[in-house]
Each structure stands twice: as structure tokens, then as C-alpha cells.
Amino acid sequence: MTDDRTATVPQGIDARSLEALLTRERAAWIEGRPKSVALHGRALASQVNGTPQHWIRQFPPPVPLTVERATGARLHDIDGHDYADFGLAGTAALWGHDHPAIVAALRDQLGRGSVTLWPNEDHVWVTEELRDRFGLPCWQFAVSATDANRFALLLARVTTGRDRILMFNRAYHGAVEQTYAVLTEEGVTPLPGVDAGGVDVRRTTKIVEFNDLEALERELAPGDVAVVIAEPVMTNGGAVVHPDPGFHAGLREITRRTGTLLLIDETQTIPAGPGGCVRELGLEPDLITMGKWVAGGVPAGLYGMSEEVAAAAARYTQHGDGGLGSTLASGPLAVRGIRAVLEEVMTEQTYAHMNHLADRYGRAIEEVVATHRLPWHVGRLGGRVMYAFTPEPPRNAGQPYPRSAALREALWLYLANRGIALDGMSGAALFSPLTEESDVDRHNELFAKVIAELVE
């Protein structure tokens, strides 16, 4: 029986070959991982969908990749298979799984205490470095990027006295209720599959397409939006969506003119460089948020703010916490990890290595695409590379283009069955300071083979 998802196949790919490859690779995955299959069977009795996080069921394997340990930029599963890890936990493991500088710092701090509710010198060093690196004067700690975004959005409403936020269509900003929304012909609605019984996003949220300054101007004109939250380069639409020339200048001019704050979420875009897109693109936001990668694997988030927002935060929390922060935010273990990342890992030398590997990876894909005359393009943001099934990059994430879940799954499974693990959600590749060039070359060899098998 034909897989329904192969009904729409990107141009240049043979549907029957795709179906056959999917069937073969799914069977190979199951046959080669009996321990993972058994453990997943146990998990079904105590976890929703048999996974510790609900979204793992959206990843390609028929049963999850069950990791025993992770070293360098490699994963080792319980069935004895090794994988070059190009997913890197969606940037959470961007520096590798056991970077020596981070491991040494965390081990030392474990002997000194992991949480105290009191500050130490590392807290001051980190916030001074963040101020100098990203340009905003005042910083606070959170446990995740989701919390950082939630707190930053709250402070934007406090600062401006306005209730609504504006986001770009299909951007992802963590598990923040106001951003679980999408733009449709009927207007703003909850994301498909999200129960409308939660936050009423029609009341809280406005949405426009990325790169659409005219729509942005229209939606901000009434003066009811507290803040625009934006990824400076969109990374979650199945492609890398870059800003048009002049887009960020226009975004900043319109927000300032309408009294709207601007929040830049650097959680996914830090592969752009040691100062993220804020430095690379010369941005001047009122708020910055980040998480995942910041503490080398220890849960942590950060949010920076202008003096105006910091003053509002001080007033807002004068007689209580106001819903900001948490007991584990700014714990010394996480902060020691952040310091190690900023001081010893996020260097120009590190990024030069990551960019070299990304160049090598991206060029090889482009050569295969050109050889087979596939109407695809390769998207790139520093050490992040992904390909999408259109000739030209989309200008926004709402723009219709073939996403082909079946082809993504087929490519992921083919590579993973041979020791290469891409990002499970998007198929993107990330490059760490511990990624080895031989693993890049192995990917490139396999990618050429699987595309030769799938083309018409």
C-alpha cells in the first residue's frame, strides 16, 4: 500500500523509489535495534506516546534513537550503533557533548555547590560579558529560552502598558502560549493541534509574515502592541529564511516610531557568530533572549534588556517577584557553564572551524543537487546548513513550498542507518567545535548515494 505522504513528492524524485526506500529503511531500523524496540514498548506504559517529550514522536525513526552516551559530536545507542551527531539537540549541544572546558568547569562547580539562591563572582562576570558582547546593559537568568521569552514578553507589557504582542508567522519561540499561533485566511488562530481552550491568541497576538514591512506597519499603527518578537533569521520553516535588504532597519524604525519594543530571540541563530545575529547584522533591540546552548548542556536561559525595560522590571518586582525567575534560575552550576561557554568556547577560532565544516557540507550538497538538476536550494546561517525543495529560498515561513515529510524521513533514515544523525525535526545540520571533518565527508558520500537512488 502506498504511503499517503508520498502522494506529494518534490520535483525530480521518483515516488516509487521513495516508497521502496522508506519501507526498506524503516525495516532496517527496527531489525537493527531490538533493545530500543523493547525499551520503547516499556515506555508506552508510563509515558505519553512512549516518549519523555511529546515531540520526539514527530522524529523520523519508527522507534526513538535510544542514547546510551554522547561524546564529542557523536551519539552511541543502546544497541551498539554510533552516529555522527549533526542534530546537536537543536543547538543545545552546539559545543559538543563533552567539551573539555565546559566539563572541567562543571565538575569543579559540582564540588562547590549547584544551587544556593545567592550570587557569586561568576554571575557578575557573565552579565558583564553579555553586556559587552550583545550591547544591552542589563541581564537576568532563566532556566530555559522559553522562560526567558515569557519573562521578556511580560516585561515588555509592563514597560509599555500595552497588552498585545506581534510575531512573525510560523516562528518558534519555545512553549510560550501567546506564540502558539499561526496566520490563516481567517486571521490569527491557534497552531494546528493546539487546543483553543488555552490562551486566546486572537486577543493576545498579532501575526505578519517575515519580510513584510507593509503588514508590520499596518498592525503596529493602532498602538496596542507592546513588543515585536523576532528571530533575526528564521530557522524553523523548513528552510533558512534570511531578511530582505533593509528589513531589519525598517523593523527597527517602525517599532520605534510606534512606541513598540523589539525583542530578538537568538536561541536558534547563534551559529551566525560569537555575537549572534545581533552583532553580525548590527541590530539594536530593546530585549534579547537566548537559551539551549548557553550553559553547555545545563538547562539555562538569559534575557537582556535596555535601561528603560530594566527600570520597569525594578518597579514591577519592588514588592515581590511578579512571576519572574524561578528557584533554579541563576544556579551556580548553570552560571559556571555559561561562563565557560562565553570565556573559552564561543571564540572566533571556534566559529572559524564550524564555518569551515559548514562550507564543506553545503558545497557537497549543492554539487549533488546540480548534478541531478534538482530544483532545490541550500540554506545557510553560519554553522547551520539545511536544504529545501525549492529553487529559491522563501521570503517567509508562510510561503507555500514542498516540505515533503516522506522525503525528509527517507533521507534521515537512510543516513542514520549508516551512522549519520541529522536534526530529527527539520533535517538541518549543525557543526560544533568537536565535529570531525571525516564525518562531514562520510555524510557527503552517503548523501550522493541516496539521492542517486531516489531521482527519476
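In this text, all values refer to a predicted model and were calculated from it rather than measured experimentally.

Helix and strand counts for the protein stand at 14 helices and 16 strands. Over its C-alpha atoms the protein spans a radius of gyration of 22 Å, differing by no more than 12% from the 23 Å that the globule rule assigns to 456 residues. With the C-alpha coordinates aligned to their principal axes, the bounding extent of the protein is approximately 65 × 55 × 45 Å. Burial status across the protein gives 54% buried among its 456 residues. For the protein, the proportion of contacts with a sequence separation of at least 24, taken over those separated by at least 6, is 73%. Taking the average location of the 42 positive side-chain charges in the protein and that of its 58 negative ones, the two points are 2 Å from each other.

Attention now goes to the sheet that holds strand β5 (residues 164–168). The 7 strands lie next to each other as β4-β12-β11-β10-β9-β5-β8, forming an open sheet whose pairing is mixed. Bordering the open sheet on either side are β4 (138–142) and β8 (205–208), each of which pairs with just one other strand. On average, each strand axis in the sheet is tilted by 20° relative to the strand beside it, whichever way the strands run. Of the strands in this sheet, β5, β9 (225–230) and β10 (261–265) are in contact with helix α8 (residues 247–257), which crosses β10 at around 145°.

It is at 8 Å that the axes of helix α1 (residues 15–31) and helix α14 (residues 437–454) come closest, and there the two elements cross at 130°. Classified by the interaxial angle, the pair formed by α1 and α14 is oblique. In contact with S17, L18, L21 and R24 of α1, α14 contributes V450, E453 and L454. Here the residues of the contact of α1 with α14 are counted per class, giving 4 nonpolar, 1 polar and 2 charged.

What follows concerns the pairing of strand β11 (residues 287–291). Taking burial as the measure, the 5 residues of β11 include 5 buried ones, the bulk of the element. Residues L287, T289 and G291 point to one face of β11 and I288 and M290 to the other, with burial holding for every one of them. Relative to β11, β10 is paired through 3 bridges, and the arrangement is parallel. Of the residues in β11, the one forming a bridge with D265 is T289.

Quick look at the sheet that holds strand β1 (residues 67–71) now. Taken together, the 4 strands give an open sheet; going across it, the order is β1-β2-β3-β15, and neighbouring strands pair in mixed fashion. Each edge of the sheet is formed by a strand with only one pairing partner; in this case those strands are β1 and β15 (420–421). Here β1 runs beside strand β2 (residues 74–77); their pairing, made up of 4 bridges, is antiparallel. Paired with R69 across the bridge in β2 is H76.

Looking now at the packing of aromatic side chains. If you walk through the whole model with that rule in mind, you get 17 aromatic pairs. Measuring from centroid to centroid gives 5.5 Å for F168 and F210, while their planes differ by 85°, and the two rings are edge-to-face. With a gap of 42 residues between them, F168 in strand β5 and F210 in the loop between β8 and α7 (213–220) connect regions that are remote in the sequence. Note on F168: relative accessible area 1%, which makes it buried. What makes F210 buried here is its relative accessible area of 1%. Seen from their ring centres, W376 and Y387 are 6.3 Å apart, and the 10° between their planes marks the pair as stacked. In this pair, W376 is assigned in the loop between α12 (348–371) and β13 (377–381) and Y387 in strand β14 (residues 384–388), connecting sequence segments 11 residues apart. For W376, a relative accessible area of 6% translates into the label buried. Exposure remark for Y387: the relative accessible area of 3% places this residue in the buried category. One aromatic cluster is present, formed by W376, Y387, F389 and F447 through successive ring pairs.

Let us look at the pattern of salt bridges. Under the counting rule described, the total for this entry stands at 31 salt bridges. With a closest N to O distance of 2.7 Å, R24 and E453 form a salt bridge. Of the two residues, R24 is situated in helix α1 and E453 in helix α14; the sequence distance between them amounts to 429 residues. Judged by its relative accessible area of 37%, R24 is partly exposed. Sharing partners across several salt bridges, the network here consists of R164, K206, R218, E219 and D224.

What follows concerns α12. The end-to-end C-alpha distance of α12, which contains 24 residues, comes to 34 Å, matching closely the 34 Å that a straight helix rising 1.5 Å per residue would cover. When α12 is considered as a whole, its buried residues turn out to be T350, Y351, M354, L357, A358, Y361, G362, A364, I365, V368 and V369. Packing partners of the buried residues in α12 comprise α11 (332–345), β13, β14, β16 (429–430) and α14. The first or second residue beyond α12 is R373, which carries a positive phi of 55°.

Time to look at the environment of E284. Structurally, the position occupied by E284 is in the loop between α9 (276–280) and β11. Sequence-distant contacts of E284, that is, excluding residues within four places in its chain, are made with R252 and R256. In this structure the side chain of E284 is engaged in a polar contact, spanning 3.0 Å, whose partner is the side chain of R256.

For D77, the position within the fold is in strand β2. For D77, a relative accessible area of 3% translates into the label buried. Within polar-contact distance, the side chain of D77 engages the backbone nitrogen of D79 at 2.9 Å. From its side chain, D77 meets the backbone nitrogen of H81 in a polar contact 2.8 Å long. With residues near it in sequence (within four places) discarded, D77 still touches R33, L65, T66, V67, E68 and Y83.

Cut-offs and rules
- Residues numbered from 1 in each chain as written.
- Predicted model: local features only at pLDDT ≥ 70, side-chain atom pairs only at ≥ 80, totals over all residues.
- Heavy atoms only, no water.
- Helix = DSSP H or I, 4+ residues; strand = E, 2+ residues; numbered from the N terminus.
- Rg over C-alpha atoms; globule rule 2.2 N^0.38 Å.
- Buried < 20%, exposed > 50% of the residue type's maximum accessible area, 1.4 Å probe, protein only.
- Contact = heavy atoms within 4.5 Å.
- Lys, Arg positive; Asp, Glu negative; His and termini not counted.
- Charge placed at Lys NZ, Arg CZ, Asp CG, Glu CD.
- Pairing = 2+ DSSP bridges.
- Axes fitted to C-alpha atoms, helices over the stretch in contact; angles between N-to-C directions.
- Parallel < 35°, antiparallel > 145°, perpendicular 65-115°, else oblique.
- Nonpolar A, V, L, I, M, F, W, Y, C, P; charged D, E, K, R; others polar.
- Phe/Tyr/Trp six-rings, centres within 6.5 Å; stacked < 30°, edge-to-face > 60°.
- Salt bridge = Lys/Arg side-chain N within 4 Å of Asp/Glu carboxyl O.
- Expected span 1.5 Å × (residues − 1).
- Polar contact = N/O pair within 3.5 Å; in protein donor to acceptor, adjacent residues only side chain to side chain.

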